[in-house]
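Below are the chains, spelled out letter by letter.
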Amino acid sequence: MKRLIERSRSVGEVLRWVTQNPGKVSASHYPIALHKLGQLLQQQQATVNGESRGPGQVLEQPEFQTLCQAIISGCSKFDNFSIVNCLYAAAALGLPGESPLVRVLEDESRSRLGRFNQKDVSMVFSSEANNKALEAIFSSQLFYENRQERFIRSMAEWLPRKAENLTPYTMALIAKYVARHRLREPRLLDTIANFLVKRGEQLDSKVIQKLVFPFSRMNYRPSNHSELFPKLEAILEQKAGSSPLATVNILMSMFQLSHFPQTVLHQVFSPAFITNVMSSPYALIVRRYLSLLDAAVELEFRDYSGPRLDPRYRVLMFEHALTADEANRKYSYKGLVAEALRQLVGEECYRQDEVLPPGYCTDFLLWINRSGTVLPLSRVPAASKAPSAHTTTSPAAISLRSSVLALTSDLQDFAPVVLSVNDKWHYCQNSDILVGSRAMRDRHLRLLGYCLVQV
């Protein structure tokens, strides 16, 4: 039966073999049939009575619905390999995620996820290494939500050889997956960087931001960064105004990697760029990014002499804890640390989830002297306390360094200490390297005069 299906020359022939011979069809034949259908639909258009029959019409045939129903009815008895292979064959065939077949297969896959043979899964994915199949794989919510380490290691081997034949959309999906799972795999990241160098001028800035993001997310400078960064600068100089949000996202990625493109900064801090941004629906988020970029220029790019962000437009980057930290709070050690601090120094001696200019959320803020004495917050001068995220004082009126003022003589031995609880999502996967945003936060807090203690 396997040979007959694989040798079929038309969609109708495949459907006849699997629907008219139920006694000879086993679970392993269904994914083969789905794959063959996908191949035939890509290679040729079946013609019936002189009319073109597209994929949508084929998928609506009674015989195809019979095939789908057979898979739905029997999938609970399939082995893991057949389940996964059917799922991704269906995706490559173009079945929508809400179709009954895909829903049943994904539900069955989720229930077995812990029992999947990773080697088999990796082999299935690797055998589909083309644009359409990769798009189907990385668009699958089941795959996106779960880290497939064997597949990633396998992909790191073959992706550099096949990258030139991939579409920007496919590469952007891969970059999204790498960033989502914080995969600091140099071969994958360098492949994305090489793709950008070769194809960057042809890409929309919205696509470029998706391809650049994994570098800053993983706090990783690609091996070709001396070529990549100037290329990105040249592209942004031409396209900065076409998508302001994408432009500041790309800039933020470069800033997190300690690269500061001066010419582009002249553009984004120019009155023309600001005016364009303020009239757009994404004005607030761009203002947040520009405010943090402006703060980074002051702290890290002292040689910059161009325009800066008008104080009227400065806002805090964040006004509360990050969404990821809030969502993962129940998995964090922060609660244990808070209880320990309460017992050791008392609630009057520390602040939790304090937002410090230019908008960095901290876990715990204390004032400690060299002998280890903790100062009650009631004795800290009001001017030297970090303003609350809900303060009525305009951020524009607050100097970036105002949160670390010179103390009066009787308090000069005390220094502000930020106690950071670094949970696993603050690091790259299986690594002790902080993600780029966290690393830049720590750099800036130190430059602002805070002592950082990592837990």
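For the chain, an unreviewed UniProt entry supplies the name FASTK kinase and the organism Oceanodroma tethys.

A.B. asks: Just to check I follow, could you spell out the state of the cysteines for this structure?
C.D. replies: In protein chemistry, a disulfide is the covalent bond that joins the sulfur atoms of two cysteines. Evaluation of the coordinates by the stated rule reveals zero disulfides. Just so you know, cysteine 75 is unpaired, no disulfide at all, and the nearest cysteine sulfur is the one on cysteine 86, 8.5 Å from it.

A.B. asks: How should the packing of helix H13 (residues 186-199) against helix H14 (residues 205-217) be read in this particular structure?
C.D. replies: When two helices pack together, their arrangement is given by the angle between their axes and by how far apart the axes lie. Interaxial distance between H13 and H14 falls to 10 Å at its minimum, and their mutual angle equals 145 degrees. As H13 packs across H14, the resulting crossing turns out to be left-handed. Where H13 approaches H14, its residues Leu189, Ile192, Ala193, Phe195 and Leu196 are matched on the opposing element by Ile208, Leu211, Val212, Pro214 and Phe215. Across the contact of H13 with H14, the residue classes break down as 10 nonpolar, no polar and no charged.

A.B. asks: In this structure, what is going on with helix H5 (residues 62-74)? I would like to understand it.
C.D. replies: Quick reminder: α-helices carry 3.6 residues per turn. Residues three or four places apart thus point the same way. Over its 13 residues, H5 runs 18 Å from end to end, which matches the ideal 18 Å to within 8%, given 1.5 Å per residue. Of the residues making up H5, those classed as buried are Phe64, Leu67, Cys68, Ile71 and Gly74. Angular distribution of buried residues about the axis of H5 spans 145 degrees; they occupy a single face of the element. Of the exposed residues in H5, the ones pointing more than 90 degrees away from its buried face are Pro62 and Ser73.

A.B. asks: Honestly, the packing of aromatic side chains in this entry has me stumped. Any pointers?
C.D. replies: We describe a pair of aromatic rings using the distance from one ring centre to the other and the angle between the two ring planes. Under the definition given, this model contains five aromatic pairs. Their ring planes at 20 degrees and their centres at 5.4 Å tell us that phenylalanine 260 and phenylalanine 301 sit as a pair that is stacked. Remark: phenylalanine 301 occurs in the loop between helix H19 (283-300) and helix H20 (323-327) and phenylalanine 260 occurs in the loop between helix H16 (244-256) and helix H17 (262-268); sequence separation between them is 41 residues. There is no split in this pair, since phenylalanine 260 and phenylalanine 301 are both buried. Between phenylalanine 301 and tyrosine 304, the ring centres sit 5.7 Å apart and the planes meet at 35 degrees, which makes this aromatic pair tilted. Residue phenylalanine 301 is classed as buried on the basis of its relative accessible area, which comes to 13%. Taking the relative accessible area as the measure of exposure, tyrosine 304 reaches 9% and is therefore buried.

Reading the values: the criteria
Residues numbered from 1 in each chain as written. Predicted model: local features only at pLDDT ≥ 70, side-chain atom pairs only at ≥ 80, totals over all residues. Heavy atoms only, no water. Disulfide = S-S within 2.5 Å. Axes fitted to C-alpha atoms, helices over the stretch in contact; angles between N-to-C directions. Helix = DSSP H or I, 4+ residues; strand = E, 2+ residues; numbered from the N terminus. Left-handed = near helix turned anticlockwise from the far one by under 90°. Contact = heavy atoms within 4.5 Å. Nonpolar A, V, L, I, M, F, W, Y, C, P; charged D, E, K, R; others polar. Expected span 1.5 Å × (residues − 1). Buried < 20%, exposed > 50% of the residue type's maximum accessible area, 1.4 Å probe, protein only. Arc of directions from axis to C-beta. Phe/Tyr/Trp six-rings, centres within 6.5 Å; stacked < 30°, edge-to-face > 60°.

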